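Descriptive structure summary
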Amino acid sequence: RAALEDAGIRRGVEANVVSDEADVKAVAAKVALGEADAGIVYVTDARVDDRLRVVGEPLDAATTYAAAVVRGAPNQEAAERFVAMLRSDRAARVLEAGGFEPVRRRR
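Only a predicted model underlies this, so the values are computations on that prediction, with no experimental measurement involved.

**Here we look at the overall build of the protein chain**
For the protein chain, the count of helices and strands is six helices and zero strands. For the protein chain, the N- to C-terminal ordering of α and β elements is α-α-α-α-α-α. With respect to the principal axes defined by its C-alpha atoms, the protein chain has extents near 50 × 30 × 25 Å. When the 107 residues of the protein chain are sorted by exposure, 12% land in the buried category. Relative to all contacts within the protein chain whose residues are 6 or more apart in sequence, the contacts with residues 24 or more apart total 27%. Of the roughly 9100 Å² that the protein chain leaves accessible, carbon and sulfur atoms contribute 51%. Charge separation in the protein chain, taken as the distance between the mean sites of 17 positive and 18 negative side-chain charges, equals 7 Å.

**Some details on a nonpolar patch on the surface**
A surface patch of nonpolar side chains, about 390 Å² in accessible area, is lined by Tyr42, Tyr65, Leu95 and Phe100. Turning to its location among the elements, tyrosine 42 is positioned in the loop between helix 3 (24–32) and helix 4 (43–47). Overall, the relative accessible area of 31% leaves tyrosine 42 in the partly exposed class.

**A word on a negative patch on the surface**
Together, Glu5, Asp6, Asp60 and Glu101 line one region of the surface with negative charge. Examined against the element boundaries, glutamate 5 turns out to sit in helix 1 (residues 2–6).

**What about the pattern of salt bridges?**
Evaluation of the coordinates by the stated rule reveals seven salt bridges. Put simply, glutamate 14 and arginine 1 hold a salt bridge, and the shortest N to O gap is 2.9 Å. Linking glutamate 14 in helix 2 (residues 10–14) with arginine 1 in the segment before helix 1, this pair joins segments that are 13 residues apart in sequence. Classification of glutamate 14 as partly exposed rests on a relative accessible area of 33%. Residues arginine 51 and aspartate 49 are paired through a salt bridge, measuring 2.8 Å at the closest nitrogen-oxygen approach. Under the relative-accessibility criterion, aspartate 49 is labelled buried at 19%. Salt bridges sharing partners connect three or more residues here, namely Arg1, Arg10, Glu14 and Asp20.

**A few points about the side chain of aspartate 45**
Its location among the elements puts aspartate 45 in helix 4. Reaching out from aspartate 45, the side chain makes a polar contact with the side chain of lysine 25 at a distance of 2.6 Å. Discounting chain neighbours no more than four positions away, the residues touching aspartate 45 are Val24, Lys25 and Leu52.

**Let's talk about helix 3**
Within helix 3, burial applies to Val27, Ala28 and Ala32. The buried residues of helix 3 occupy an angular sector of 130 degrees when projected down its axis, which confines them to one face. Measuring from the backbone nitrogen of lysine 25 back to the side-chain oxygen at the start of helix 3 gives 3.2 Å, which picks out aspartate 23 as the cap. With its phi angle positive at about 80 degrees, glycine 34 sits one or two positions after the end of helix 3.

Analysis parameters
- Residues numbered from 1 in each chain as written.
- Predicted model: local features only at pLDDT ≥ 70, side-chain atom pairs only at ≥ 80, totals over all residues.
- Heavy atoms only, no water.
- Helix = DSSP H or I, 4+ residues; strand = E, 2+ residues; numbered from the N terminus.
- Buried < 20%, exposed > 50% of the residue type's maximum accessible area, 1.4 Å probe, protein only.
- Contact = heavy atoms within 4.5 Å.
- Areas by Shrake-Rupley, 256 points an atom, 1.4 Å probe, with all protein chains shown as cover.
- Lys, Arg positive; Asp, Glu negative; His and termini not counted.
- Charge placed at Lys NZ, Arg CZ, Asp CG, Glu CD.
- Patch = residues over 30% accessible without salt bridge, like charges linked within 9 Å, V, L, I, M, F, W, Y side chains within 5 Å.
- Salt bridge = Lys/Arg side-chain N within 4 Å of Asp/Glu carboxyl O.
- Polar contact = N/O pair within 3.5 Å; in protein donor to acceptor, adjacent residues only side chain to side chain.
- Arc of directions from axis to C-beta.

Here's what the structure looks like:
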């Protein structure tokens, strides 16, 4: 909804909403099954189903996925290796190939 607002089209879009699903996976499934004519989903969700077709220009709807090691985790060493792998160039290439934008490295 924030992306629709930023694009100045939220009111127009919401005036035409027939079904308000809980998440983008449910929207994508409904469109893929032919139960809806169109829906708004992340490009990465649309890419995984050949029944979906992206139309129009993407909205700027950035989502951030964070990873962290929980203090006192039972397998702290493995968790640290996992987070380090997520920060690697190889992981960045895999994520970018899946349609995700480059990983920003923060500490």
